[in-house]
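# Structural overview for review
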Amino acid sequence: MSADVWLDKESPEVYQALVETGRAAGRAALSTGIDKRLIELIRIRASQINGCAYCLRIHVADAIALGETTERLAILSAWRDSEYFSPVEQAALAITEDVTLIADVQHRRRLPDDDLSTLTNGQIAAVRWLAIVINAFNRVSITSHHPVRPEQAD
């Protein structure tokens, strides 16, 4: 028995359901006015907290392809201590951290101090769904021990 059981390969129907849930969460976010770059920032921030190298590699590349800057990506983990992110982005990142750190009682006491007034209820729900889904993907990749290697130059 191997410790490296790839959940996506062993239970493809369950993994596909998660993929479809992720797509639905993305569509819901877009329909509320959350832009594609912010969707990627949400995915990246949760993946940073969880230490998911596999998801970080994917979503950082996606964010860059959408025009996100390396400067903002470099400072993302310290977003609270910078002026790089808009009030909407700050609210979304606060929600993302709240969902990702759900078991951390000390952290959860901080969310009421964050200003979420820049988001509609629909946007708050959409950000929570995005965070829930990326947390699930992080757990699939981390527990499956998906390899993360530099791409080989031809």
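The following refers to the structure shown. Everything numeric in this text was worked out from a predicted model, so none of it was measured. (Residues numbered from 1 in each chain as written. Predicted model: local features only at pLDDT ≥ 70, side-chain atom pairs only at ≥ 80, totals over all residues. Heavy atoms only, no water.)

### Details of the pattern of salt bridges
Taken as a whole and assessed by the stated rule, the structure comprises seven salt bridges. Among the salt bridges present, the one from arginine 37 reaches glutamate 68, with a minimum N-O distance of 3.9 Å. On the criterion of sequence distance, the pair formed by arginine 37 in helix H3 (residues 36-50) and glutamate 68 in the loop between helix H4 (53-65) and helix H5 (70-75) is long-range, its members being 31 residues apart. Assessed through its relative accessible area of 4%, glutamate 68 is described here as buried. The residue arginine 80 makes a salt bridge to glutamate 97 at a minimum N-O spacing of 3.4 Å. Placement of the pair is arginine 80 in the loop between H5 and helix H6 (87-100) and glutamate 97 in helix H6, with a sequence separation of 17 residues. On the basis of relative accessible area, glutamate 97 is assigned to the buried category, the value being 6%. Salt bridges linked by common partners bring Arg37, Glu68, Arg72 and Glu89 together as one network. (Salt bridge = Lys/Arg side-chain N within 4 Å of Asp/Glu carboxyl O. Helix = DSSP H or I, 4+ residues; strand = E, 2+ residues; numbered from the N terminus. Buried < 20%, exposed > 50% of the residue type's maximum accessible area, 1.4 Å probe, protein only.)

### Brief notes about the packing of H3 against helix H8 (residues 121-144)
Between two packed helices, the angle of one axis relative to the other and the distance separating the axes together describe the packing. It is the contact of H3 with H8, at a shortest axis distance of 9 Å, that shows an interaxial angle of 45°. The angle between H3 and H8 falls in the class oblique. Helix-helix and strand crossings are classified by hand; for H3 and H8 the assignment is right-handed. Taking contact as the criterion, the partners of Ile39, Ile42, Arg43, Ala46, Ser47 and Asn50 in H3 are, on H8, Val127, Leu130, Ala131, Ile134, Asn135, Asn138, Arg139 and Ile142. Per-class residue counts for the contact of H3 with H8 are eight nonpolar, four polar and two charged. (Axes fitted to C-alpha atoms, helices over the stretch in contact; angles between N-to-C directions. Parallel < 35°, antiparallel > 145°, perpendicular 65-115°, else oblique. Left-handed = near helix turned anticlockwise from the far one by under 90°. Contact = heavy atoms within 4.5 Å. Nonpolar A, V, L, I, M, F, W, Y, C, P; charged D, E, K, R; others polar.)

### Considerations on the packing of helix H2 (residues 12-31) against H8
Following both chains from N to C, one finds H2 and H8 inclined at 155°, their axes separated by 9 Å at the closest point. Taken as axis vectors, H2 and H8 run roughly antiparallel relative to one another. The two elements H2 and H8 meet at a crossing, and its hand is left-handed. Contacts between H2 and H8 involve Tyr15, Leu18, Val19, Thr21, Gly22, Ala25, Gly26, Ala28 and Ala29 from the former and Ala126, Trp129, Leu130, Val133, Ala136, Phe137 and Val140 from the latter. Among the residues making up the contact of H2 with H8, the classes are represented as 13 nonpolar, three polar and no charged.

### Quick look at the side chain of glutamate 40
For glutamate 40, the location among the structural elements is in helix H3. What glutamate 40 contacts, discounting residues up to four positions off in sequence, is His59, Asp62, Ala63 and Leu66.

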